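# Descriptive structure summary
Residues per chain, in single letters:
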Amino acid sequence: MERVAVVTADLSHHAAGVSMSRLCKSFGEKVALADVTLAIEPGTFLVLLGPSGSGKTTLLRCLAGIERPTSGVIAIDGRDVVGPRAFVPPEKRHLAMVFQDYALWPHLTVRRNVAFPLTSSARTKGDRTARVDDLLERVGIGHLADRFPNQLSGGEQQRVALARALAADVGLILFDEPLSNLDADRREQLRIEIATLTRAAGATAVYITHDQSEAFALADRVGVLNHGRLVQIDTPEAIYRRPADAFVARFTGVAGEFPVALLHECGPDRYEVALPFAPDERIEAVAFERFQPGDAMSLFVRAAGVSLLCANDPKGVHGRILDVAFNGRGYDHVVSVGQGATLSKIFSPTRFERGRAVKVCFDASSSFVMDPTRGM
Ligand code: ATP
């Protein structure tokens, strides 16, 4: 059983700022990164989120120095590491990396793996030993110090990799989908440890994943990539409440998406819309750009903006429960509304049984009118 470390002391190192300007990378005809510009403040935990093939790994590898961009500039701590006249090799970028497949030295014990980045440092042997012991305790594997990597579970190996990255005592740590080979329980535990230990280390983090819930749980800021472009970079809250386009809305989770007819503007950034599955019902929704009444748009609904009421409630749109699943804190429902439209992951603390008639209420601030073709 792995122990969860309790972090109180500061591991503090000065965090590195990162900037990328007009970064492009092509592999032959294939454009993997297209004109990516971003700035990461020192100490930020940035998560890059995107589907398979969106360019996350390429971006991380360019930042690490494992891949050479086709054009553009990358600066770490104000120093150009990639540019028209610069290419600093990975080992001189003062960063550490945690990989999906752990990448531990198989012939070294846990202790020696973690000590590896320290061997060339000016510390005394006693200092180095104390530092390694401290890090192993922090990641909850002090008792495994003399084992070899092949004698550890995946979660334990990733803890060793995390301790090794922290031992490097650098201002920038890169994470390449470090949880993807672990089962659900271990993912959750290790995610918390990565978040707390990296922040305690005072390091800047760039972490890539295709998992929206992991991204939102970890990040100070989330950068969303699609087809090699950075389409939005903001706090998780801002991305949830104000997605840049239909792609971002879909990729960060919608309960439902329906074509709607815009009736008229009813306030700043607000439109009244007619629901195709309930023509007599009109609801208000947010728009982040101006549309003309009659434009063929879609309504994107976040699960957090939908509530369930009893069928005799005067408010809401008629619906019927298709499925209900207990999630520990309450119930997630799948609800059909009108003819053929479905809403999923609708939470209620009380259980509505399958087949039951209900009313469905839409909160305007979590219902977005968007062009469904934007970001395809
Ligand atoms: P995944 O989540 O599947 O790892 P990703 O978002 O990390 O995907 P990348 O691995 O960065 O995406 O790949 C971006 C695009 O560049 C993809 O279309 C990929 O096929 C292509 N690509 C990446 N590396 C190479 C390469 N060495 N040669 C040719 N094409 C490549």
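Residues numbered from 1 in each chain as written. Predicted model: local features only at pLDDT ≥ 70, side-chain atom pairs only at ≥ 80, totals over all residues. Heavy atoms only, no water.

Here Gln-292 lies in the loop between strand 14 (278-287) and strand 15 (296-301). As for Gln-292 and Leu-166, which are separated by 126 residues in sequence, their C-alpha atoms are 54 Å apart. (Helix = DSSP H or I, 4+ residues; strand = E, 2+ residues; numbered from the N terminus.)

Once that is clear, we can look at the pattern of salt bridges. On inspection of all chains with the given rule, the structure shows 18 salt bridges. The salt bridge involving Arg-61 is made with Glu-67; its shortest N-O contact spans 3.2 Å. A relative accessible area of 16% places Glu-67 in the buried class. Three or more residues are tied together by salt bridges with common partners; here these are Arg-111, Asp-133 and Asp-146. (Salt bridge = Lys/Arg side-chain N within 4 Å of Asp/Glu carboxyl O. Buried < 20%, exposed > 50% of the residue type's maximum accessible area, 1.4 Å probe, protein only.)

To continue, consider the site of the ligand. Taken together, Phe-27, Lys-30, Ala-32, Pro-51, Ser-52, Gly-53, Ser-54, Gly-55, Lys-56, Thr-57, Thr-58 and Glu-177 make up the full set of residues adjacent to the ligand. Between Ser-52 and the ligand, the recorded distance is 2.6 Å, taken from a side-chain N or O atom to an oxygen atom. One of the side-chain nitrogen or oxygen atoms of Lys-56 is found 2.9 Å away from an oxygen atom of the ligand. Protein contact buries 60% of the 640 Å² of open area that the ligand shows by itself. (Near = heavy atom within 4 Å. Polar contact = N/O pair within 3.5 Å; in protein donor to acceptor, adjacent residues only side chain to side chain. Areas by Shrake-Rupley, 256 points an atom, 1.4 Å probe, with all protein chains shown as cover.)

Let us look at the domain arrangement of the chain. Domain assignment breaks the chain into domain 1 (18-241) and domain 2 (252-370). Summarising the inter-unit geometry, the C-alpha centres of domain 1 and domain 2 are found 39 Å apart. Contact with domain 1, which involves 6 residues of that partner, is made by 6 residues of domain 2. For the domain 1 and domain 2 pair, buried surface summed over both sides reaches about 480 Å², with 57% attributable to carbon and sulfur atoms. (Domains from an automatic or database assignment. Contact = heavy atoms within 4.5 Å. Buried area = accessible area lost by both parts, 1.4 Å probe.)

Looking now at the layout of surface pockets. Estimates place the volume of the largest pocket at around 620 Å³. What lines the largest pocket is a set of 19 residues, and nearest its centre among them are Leu-95, Ala-96, Met-97, Pro-117 and Ala-168. Listed by contribution, the elements that provide at least two residues to the lining of the largest pocket are strand 7 (95-98) and helix 4 (154-167). A total of 3 residues in the lining of the largest pocket trace back to one element, the largest contributor, which is strand 7. Its residues placed into classes, the lining of the largest pocket shows 15 nonpolar, 2 polar and 2 charged. In this structure, the second largest pocket spans a volume of roughly 440 Å³. (1 Å grid on protein atoms, 1.4 Å probe; cavity = no way out; pocket = protein on both sides within 12 Å on 5 of 7 lines; lining within 4 Å. Points joined across faces, edges and corners; volume = space filled by probe spheres on them. Nonpolar A, V, L, I, M, F, W, Y, C, P; charged D, E, K, R; others polar.)

Strand 10 (residues 221-226) sits mainly inside the fold: 5 of its 6 residues count as buried. Alignment of strand 3 (residues 45-49) against strand 10, held across 4 bridges, turns out to be parallel. Residue Leu-48 lies in a different strand from strand 10, and its bridge partner there is Gly-223. Pairing between strand 10 and strand 11 (residues 229-234): 5 bridges, direction antiparallel. Within strand 11, the position partnered with Val-222 by the bridge is Asp-234. (Pairing = 2+ DSSP bridges.)

For the rest of this paragraph, the subject is the nonpolar core. Within the largest apolar cluster, 48 residues are counted, with the highest numbers of intra-cluster contacts made by Phe-45, Val-114, Ile-173, Phe-175, Ile-194 and Tyr-207. A per-element tally of this core places helix 4 first, with 7 residues. With near-sequence residues (within four places) excluded, Phe-175 lies in contact with Phe-45, Leu-60, Val-98, Leu-162, Ile-194, Thr-198, Ala-205, Val-206, Tyr-207 and Ile-208. In terms of nonpolar packing, the next biggest core, distinct from the first, is built from 30 residues, Phe-258, Ile-346, Val-360 and Val-369 among them. (Core = buried A, V, L, I, M, F, W, Y, C linked by side-chain atoms within 4.5 Å.)

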